Each structure stands twice: as C-alpha cells, then as structure tokens.
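Examination of the molecular architecture
Residues per chain, in single letters:
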Amino acid sequence: MFQRWRAVGVLAAALFVVNVVARLVIKFAYPHDDTAAGRVSLVMFLVIGLILAATAFRWGADRPAAHWTGDLAVAVVAALALTVFVGPLLVGENPFEGGAGLFFAQIWLYLAATVAGVLVGYLTLTALGRDFRSRQLKRYAEIKAAKPRKIVRR
C-alpha cells in the first residue's frame, strides 16, 4: 500500500517540479518577454503530457485501468493544486495576480495537457496490444485453444 502512494506522490512531485522549473526559466531568462514565456509554458505542458503518457503506458501494462486511473487522478489533482497555489509563491507572485480569467485558464490548460498525455500513452499501449486487458484476453484465448474440444454425443 505504501508503494502505491509513494508512486503517486513521486508523480505529483515530478509534475510540480516541471512547473517550478518553467516558472524559474520565465522569471530569470525572459522576465518581460510574453512570447518567450508562452513558448516556455507550451514546452512545460508538453513535458507534463509526456510524463503522463509514459506513466499511463507503464501503469496500464501492469494493472487494470480502473486501478491506475484513480492513482493518476490523485497525482494530477495534487500537482495541479501545488502548481496553481504554491508555484506562483515560489517565484514571488500572487496566485490570483492575473485575475480569475488567467487563474482558471491555467487550470483548464493543465487539465487539457494531462488528459491528452494520458490518452496518448494509454491509446498507444492499447494499439500495441500490451495493455492489461488485451493481455488477459490473449491468455484466455490461448488457454481455450489449448484444451481439446469436448465431443457431445446424442
């Protein structure tokens, strides 16, 4: 049980660190350049999506989807809360400085990146036939094919 929650915590921390690094790059390398800040933010969302795609690919191969999606959702919600409320404070900004529009846009963009990443990872895994469910069905078919047919006499 501890291993399960440790993995969730490590994933949430990794997602938060990506956000903090992006904020620090924007603050120190591009303090007044909105175009560069937008590009750094785009790269941050791509990295978050890739991390979640790799996680969905890895966890989806070992466990049923109902098991790992809950863990992934907890990690994403924790990372999102840290990103929205703690991230700005680490670089000396107020989380609500840009107004409600920017605050909620940040939440929606983060959720869009995470959903896209998870879908890419899991759909790739499913397309390759390496997900938990496909492997179960393959094992079932192999077991059924290995047993001789019973002859029914009338």
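Being a predicted model, the structure only gives us computed values, none of them experimental.

Turning next to the packing of aromatic side chains. Going through the model one piece at a time under the given rule, you end up with five aromatic pairs. Ring centres 5.2 Å apart and planes at 85° place the aromatic pair F103 and F104 in the edge-to-face group. By relative accessible area, F104 is classed as partly exposed at 45%. Over the ring of W5 we find R4, and its NZ or CZ is 5.6 Å from the ring centre. Over the aromatic face of W59 sits the side chain of R63, whose NZ or CZ is 4.7 Å from the ring centroid.

The next point concerns a nonpolar patch on the surface. Nonpolar side chains collect at one region of the surface, where L82, F85, V86, L90 and F96 lie side by side and expose about 430 Å² of accessible area between them. On the secondary structure map, L82 appears in helix 3 (residues 65-90). Taking relative accessible area as the criterion, L82 reaches 33% and is therefore assigned partly exposed.

Space inside the largest pocket adds up to approximately 740 Å³. Looking at the largest pocket, it is lined by 28 residues, and the ones nearest its centre are R23, I26, S41, E93 and L102. Of all the elements in the fold, those that place two or more residues in the lining of the largest pocket are helix 1 (2-29), helix 2 (34-62) and helix 4 (99-127). Class assignment of the residues belonging to the lining of the largest pocket gives a composition of 14 nonpolar, eight polar and six charged.

Glancing now at helix 1. The periodicity of an α-helix, 3.6 residues per turn, causes residues three or four places apart in sequence to face the same way. Under the 1.5 Å per step criterion, the end-to-end length of helix 1 is 39 Å for 28 residues, consistent within 8% with the ideal 40 Å. Those residues of helix 1 not exposed but buried are V8, L11, A12, L15, F16, V18, N19, V20, A22 and R23. For helix 1, the elements touching its buried residues are helix 2, helix 3 and helix 4.

Quick look at the packing of helix 2 against helix 3 now. Two numbers describe how helix 2 lies on helix 3: the axes approach to 10 Å, and their chain directions differ by 155°. When the axis of helix 2 is compared with that of helix 3, the two are roughly antiparallel. Of the two possible hands of crossing, helix 2 and helix 3 adopt the one that is right-handed. Listed contacts from helix 3 to L52, T55, A56, W59 and G60 of helix 2 are W68, D71, L72 and V76.

What counts, and at which threshold
- Residues numbered from 1 in each chain as written.
- Predicted model: local features only at pLDDT ≥ 70, side-chain atom pairs only at ≥ 80, totals over all residues.
- Heavy atoms only, no water.
- Phe/Tyr/Trp six-rings, centres within 6.5 Å; stacked < 30°, edge-to-face > 60°.
- Buried < 20%, exposed > 50% of the residue type's maximum accessible area, 1.4 Å probe, protein only.
- Lys NZ or Arg CZ within 6 Å of the ring centre and 35° of its normal.
- Patch = residues over 30% accessible without salt bridge, like charges linked within 9 Å, V, L, I, M, F, W, Y side chains within 5 Å.
- Areas by Shrake-Rupley, 256 points an atom, 1.4 Å probe, with all protein chains shown as cover.
- Salt bridge = Lys/Arg side-chain N within 4 Å of Asp/Glu carboxyl O.
- Helix = DSSP H or I, 4+ residues; strand = E, 2+ residues; numbered from the N terminus.
- 1 Å grid on protein atoms, 1.4 Å probe; cavity = no way out; pocket = protein on both sides within 12 Å on 5 of 7 lines; lining within 4 Å.
- Points joined across faces, edges and corners; volume = space filled by probe spheres on them.
- Nonpolar A, V, L, I, M, F, W, Y, C, P; charged D, E, K, R; others polar.
- Expected span 1.5 Å × (residues − 1).
- Contact = heavy atoms within 4.5 Å.
- Axes fitted to C-alpha atoms, helices over the stretch in contact; angles between N-to-C directions.
- Parallel < 35°, antiparallel > 145°, perpendicular 65-115°, else oblique.
- Left-handed = near helix turned anticlockwise from the far one by under 90°.

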